[in-house]
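Listed below, chain by chain, are the residues.
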Amino acid sequence: MSDRLAPGDTAPAFTLPDADGKQVSLADHLGRRVVVYFYPAALTPGCTKQACDFTDNLEVFAEAGYDVIGISPDKPEKLAKFRDKESLKVTLLADPDRAVLTSYGAYGEKTMYGRTVTGVIRSTLVIDPTGKVEHAFYNVKATGHVAKLLRDLKI
């Protein structure tokens, strides 16, 4: 299990396939702020709500200088289905071996319905233009998180 990241930490580098199988790296976004959010599973109610909220606010983030990337343990084929079914505009990346999720502290033990389980910890990290963690939010709620994030970032 990985430790959680904190503001000032260097964001772990990654290169993962998107919904079309094209490789996307964090390094591709150097010089811009990046919102990286981790979610448990495509095509589930909470994750759909969160992805739709990010899509609905994508222009607002872009105008403020932020790129948005969603990462889950789903395979690219499932991400493509999710994107197409929900008309998502957010970049969705596949991390089926959970290496990136773990390196960001977004995979590990969590409490679900009163039981301790191992899984994806819904998290959002904001990476600054130099590749450092600017904000780290763990155990976020799917609903209302994007609005709170916009407030926290003063966008």
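Residues numbered from 1 in each chain as written. Predicted model: local features only at pLDDT ≥ 70, side-chain atom pairs only at ≥ 80, totals over all residues. Heavy atoms only, no water.

J.: Could you clarify how one ought to interpret the packing of aromatic side chains in this entry?
T.: Think of a pair of aromatic rings as described by two things: how far the centres are apart, and how the planes are tilted against each other in angle. Evaluated as defined, the whole model comprises seven aromatic pairs. Between F38 and Y104, the aromatic rings sit 5.2 Å apart at their centres with planes inclined by 40°, giving tilted as the arrangement. Residue F38 is found in strand β3 (residues 33-38), and its partner Y104 is found in the loop between α4 (99-103) and β6 (107-112); the two are separated by 66 residues along the sequence. The exposure classification of F38 matches that of Y104, with both residues buried. (Phe/Tyr/Trp six-rings, centres within 6.5 Å; stacked < 30°, edge-to-face > 60°. Helix = DSSP H or I, 4+ residues; strand = E, 2+ residues; numbered from the N terminus. Buried < 20%, exposed > 50% of the residue type's maximum accessible area, 1.4 Å probe, protein only.)

J.: Sorry, what's going on with helix α1 (residues 45-56) here?
T.: Residues spaced three or four apart along an α-helix point in a common direction, a consequence of the helix completing one turn every 3.6 residues. In a regular helix each residue adds 1.5 Å, so twelve residues correspond to 16 Å; α1 covers 16 Å between its end C-alpha atoms and thus fits that length. When we look at burial in α1, the residues that qualify are C47, T48, Q50, A51, D53, F54 and T55. Looking at the buried side of α1, the elements it contacts are β3, α2 (58-63), β4 (66-72), α3 (76-86), β8 (123-127) and α5 (145-152). (Expected span 1.5 Å × (residues − 1). Contact = heavy atoms within 4.5 Å.)

J.: What am I meant to see in the packing of α1 against α5 here?
T.: Working note: a packed helix pair is described by the angle between its axes plus the distance between those axes. Interhelical geometry of α1 versus α5 gives an angle of 40° and a closest axis separation of 9 Å. Judged on the interaxial angle alone, α5 and α1 are oblique. Taking contact as the criterion, the partners of Q50, D53 and F54 in α1 are, on α5, H145, V146 and L149. (Axes fitted to C-alpha atoms, helices over the stretch in contact; angles between N-to-C directions. Parallel < 35°, antiparallel > 145°, perpendicular 65-115°, else oblique.)

J.: What is the right way to look at the sheet that holds strand β5 (residues 91-94) in this model?
T.: In sheet architecture, strand pairing relies on hydrogen bonds along the backbone and comes in two forms, parallel and antiparallel. With mixed pairing, the five strands of this open sheet are ordered in space as β5-β4-β3-β8-β9. The open sheet has two edge strands, β5 and β9 (133-138), and neither has a second partner. Each strand axis lies, on average, 20° off the axis of its neighbour in the sheet, ignoring direction. Sheet topology places β3 next to β8; five bridges connect them, and they run antiparallel. Each residue of the ladder has a partner; that of V34, found in β8, is I127. Packed onto the sheet, α1 meets β3, β4 and β8 and runs at close to 165° relative to β3. In this fold α3 packs onto β4 and β5, with an angle of close to 155° to the strand it touches most, β5. (Pairing = 2+ DSSP bridges.)

J.: Sorry if this is basic, but what is going on with the pairing of β5 here?
T.: Two faces, one strand: in a regular strand the side chains alternate between the faces of the sheet. Here β4 pairs with β5 via four bridges, running parallel. Along β5, the bridge assignment pairs I71 with L93. In this fold, the crossover linking β4 to β5 by way of α3 has right-handed handedness. (Right-handed = clockwise from strand over helix to strand, strands pointing away.)

J.: I would appreciate a short explanation of the nonpolar core in the present structure.
T.: One recurring pattern in soluble globular proteins: nonpolar side chains tend to sit buried together. Within the largest apolar cluster, 25 residues are counted, with the highest numbers of intra-cluster contacts made by V35, Y37, Y39, F54, F61, L92 and L149. Secondary structure elements with two or more residues in this core: β3, α1, β4, α3, β5 and α5. Filtering out sequence-adjacent residues up to four positions away, F54 remains in contact with V35, Y37, F61, V68, V90, H145, V146 and L149. If you look at the next biggest cluster of nonpolar residues, it comprises 22 residues, including L5, V24, I69 and I71. (Core = buried A, V, L, I, M, F, W, Y, C linked by side-chain atoms within 4.5 Å.)

J.: Would you mind showing me how to read α5 here?
T.: H145, V146, L149 and L150 are the residues of α5 that are buried. Taken down its axis, α5 places every buried residue within 140° of arc, on the same side. Taken together, the buried residues of α5 touch β3, α1, α2, β8 and β9. K154 sits one or two positions beyond α5 and adopts a positive phi of about 60°. (Arc of directions from axis to C-beta.)

J.: Quick question: what am I supposed to make of the side chain of S25 here?
T.: Following the sequence through the fold, S25 ends up in strand β2 (residues 23-25). A distance of 2.6 Å separates a polar atom in the side chain of S25 from a polar atom in the side chain of T15. Ignoring sequence-local partners within four residues, the contact set of S25 consists of F14 and T15. (Polar contact = N/O pair within 3.5 Å; in protein donor to acceptor, adjacent residues only side chain to side chain.)

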